[in-house]
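The lines below spell out each chain.
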Amino acid sequence: MKKYVNPLILLLSVVMVVLAALPALAQEPSMDEVNHVARKLNCPTCQSLNLEDCRTQTCDQWRDQIKDLLAEGYSEQEVLDWFIARFGVEVLQEPPREGHGLLAWLLPIVGLLAGVGWLAFVLNRWSKAAPPEPVPIESGAPTDFGVDDETLRKIEEDLKGF
Amino acid sequence: MTETTTPPKTSGKKVIGLMLGILVLLVLFFVFAFGLQKRESIQLEGAPAPEFSITSFEGDTYSLASLKGTPLVVNFWASWCVECYKEAALLEQAYQDYKGQVLFLGIDYLDTEKDAMAYMEQYGVTYPSGPDIESRMAKDYRITGVPETFFITGDGRIIHVQIGPIERPQLYQLLEKLAATGG
């Protein structure tokens, strides 16, 4: 019996170590998981780059922070909330669809609708506008040019020669 | 023979409408231009320091109101800031030299706590430092980057804004001035 004790203890120890390490191994987030959250955040020190694409030291540190939070069991939304609480709502790539952030989503639509409405109104008004009333001018009276009909007729005849 | 011509179209109402439209556009232009006007920290020199409240990494809270009478050196920094390394040891030395006369406060800007703590340990920073939550203080102090250092007298007036790392002679000269304003 004695000769089986040592291997048994060894086996049990290995199993216990593996079992103890399993949760840690399971919680270690992949780069894809980290980048999935990172692309929803802005690089804090450069313009128009998300955290996934940026290669500055700041962004490296922020991605590490995402990784740590995910490893601690934070959900994606909880990680985003952590960043908002720490750095402000400006860290988000997209403004939130609530509160003041909602204005960023609604204002372009409101502006577009207002523009289309205004254009429709103007086009409608133009199409319905009555043509200007003609003002009769008596024959023989001087025209706007100050030239009477007879002179105009002579000019037109002369022009035919050219 | 009868000919036709059209009456003039321009009416007084249209001219007034056009002028009103131009006026509205001009007002909007100036409002936007004012909004886009750059406000920088350097413009705060000589002005009262904006109020702040910051909690250090150790959990102590510091505010301008509670520190009335104490001259302050407020240094914005970050662990990812290469220029900040250059002045870290100098600031710590100056803090030790003027302990009890001038209070140094580090404001950790856009940084993670883990990296900030590692930076402080690496450079031996012992004066209180804390994260700038939502960058509120950075916005109020209009910083243009890091490092940036504000020298605030005991009565809460900014006497100098240092953009970029500071050199020893200038730092000690300013500290002498600050120390004289302590209550």
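Residues numbered from 1 in each chain as written. Chains lettered and ligands numbered in written order. Predicted model: local features only at pLDDT ≥ 70, side-chain atom pairs only at ≥ 80, totals over all residues.

Draft legend 1. Representation of the overall build of chain A. In terms of helices and strands, chain A carries 6 helices and 1 strand. The helix and strand sequence of chain A, counted from the amino end, reads α-α-α-α-α-β-α. Taking all 162 residues of chain A together, the buried fraction comes to 13%. (Helix = DSSP H or I, 4+ residues; strand = E, 2+ residues; numbered from the N terminus. Buried ≥ 20, exposed ≤ 12 C-beta atoms within 10 Å, placed from the backbone.)

Draft legend 2. Summary view of the environment of V125 of chain B. All names here are of chain B. By secondary structure assignment, the location of V125 is in the loop between α3 (113–123) and β6 (129–131). Accessibility expressed as a C-beta count within 10 Å gives 21 for V125, which makes it buried. Between the C-alpha atoms of V125 and Y109, which are 16 residues apart in sequence, the distance is 16 Å.

Draft legend 3. Just the environment of E78 of chain A, in detail. With respect to the element layout, E78 of chain A can be found in helix α4 (residues 76–87). In the structure, E78 of chain A is positioned 16 residues away from W62 of chain A in sequence and 15 Å away in space, judged by C-alpha atoms.

Draft legend 4. Broad picture of the nonpolar core. Counting residues in each nonpolar core, the largest one holds 59 residues, and the members touching the most others are I66 of chain A together with A78, Y109 and F150 of chain B. Leaving out residues up to four positions away in the same chain, F150 of chain B has contacts with A49, V74, Y141, I158 and V161 of chain B. (Core = buried A, V, L, I, M, F, W, Y, C linked by C-beta atoms within 7 Å. Contact = placed C-beta atoms within 7 Å.)

Draft legend 5. A look at unusual backbone geometry. All names here are of chain B. The residue after V146, namely P147, is reached through a cis peptide bond having omega 0°. As for its placement among the helices and strands, P147 is situated in the loop between α4 (136–140) and β7 (148–152). Even without a glycine there, the phi angle at S135 is positive, about 55°. Tracing the chain through its elements places S135 in the loop between β6 and α4. Using a count of 19 C-beta atoms within 10 Å as the deciding quantity, one classes S135 as partly exposed. You will see that R142, though not glycine, has its phi angle at about 55°, which is positive. Along the chain, R142 falls in the loop between α4 and β7. Classification of R142 by C-beta neighbours within 10 Å gives partly exposed; the count is 16.

Draft legend 6. View of the sheet that holds strand β8 (residues 158–163) of chain B. Residue and element names in this part refer to chain B. The mixed open sheet is built from 5 strands, whose spatial order is β6-β5-β4-β7-β8. On the outer flanks of this sheet lie β6 and β8, each paired with one strand and no other. Taking each pair of neighbouring strands and ignoring which way they run, the sheet shows an average axis angle of 20°. Summarising the sheet, strand β4 (residues 72–77) and strand β5 (residues 103–108) pair through 6 bridges and their orientation is parallel. Its bridge partner lying in β5, W77 is registered against D108. (Pairing = 2+ DSSP bridges. Axes fitted to C-alpha atoms, helices over the stretch in contact; angles between N-to-C directions.)

Draft legend 7. Geometry of the pairing of β4 of chain B. Residue and element names in this part refer to chain B. Among the 6 residues that make up β4, 6 are buried, leaving the element largely enclosed by the rest of the structure. Residues L72, V74 and F76 point to one face of β4 and V73, N75 and W77 to the other, with burial holding for every one of them. Handedness of the crossover joining β4 and β5 through helix α2 (residues 82–97): right-handed. (Right-handed = clockwise from strand over helix to strand, strands pointing away.)

Draft legend 8. Region of interest: the environment of D140 of chain B. All names here are of chain B. In this fold, D140 is placed in helix α4. As for D140 and P165, which are separated by 25 residues in sequence, their C-alpha atoms are 21 Å apart. Apart from the residues within four sequence positions on either side, D140 is in contact with P50 and F52.

Draft legend 9. Helix α3 (residues 57–71) of chain A, seen in detail. Residue and element names in this part refer to chain A. Over its 15 residues, α3 extends 21 Å from the first C-alpha to the last, a length consistent with the 21 Å expected when each residue adds 1.5 Å. Those residues of α3 that fall on the buried side of the exposure criterion are T58, C59, W62, Q65, I66, L69 and L70. Projected down its long axis, α3 carries its buried residues within an arc of 135°, all on one side. On its buried face, α3 sits against α2 (31–38) and α4. The positive-phi residue at the C-terminal boundary of α3 is G73, with phi of around 100°. (Expected span 1.5 Å × (residues − 1). Arc of directions from axis to C-beta.)

Draft legend 10. Examining the packing of α2 of chain A against α3 of chain A more closely. Residue and element names in this part refer to chain A. Viewed as axis vectors pointing N to C, α2 and α3 meet at an angle of 115°, and their least axial separation amounts to 9 Å. Classified by the interaxial angle, the pair formed by α2 and α3 is roughly perpendicular. At the point where α2 passes α3, the crossing takes the right-handed sense. In this structure, α2 contributes E33, V34, V37 and A38 to the contact, and α3 contributes R63, I66, K67 and L70. For the contact of α2 with α3, the residue count by class is 5 nonpolar, no polar and 3 charged. (Parallel < 35°, antiparallel > 145°, perpendicular 65-115°, else oblique. Left-handed = near helix turned anticlockwise from the far one by under 90°. Nonpolar A, V, L, I, M, F, W, Y, C, P; charged D, E, K, R; others polar.)

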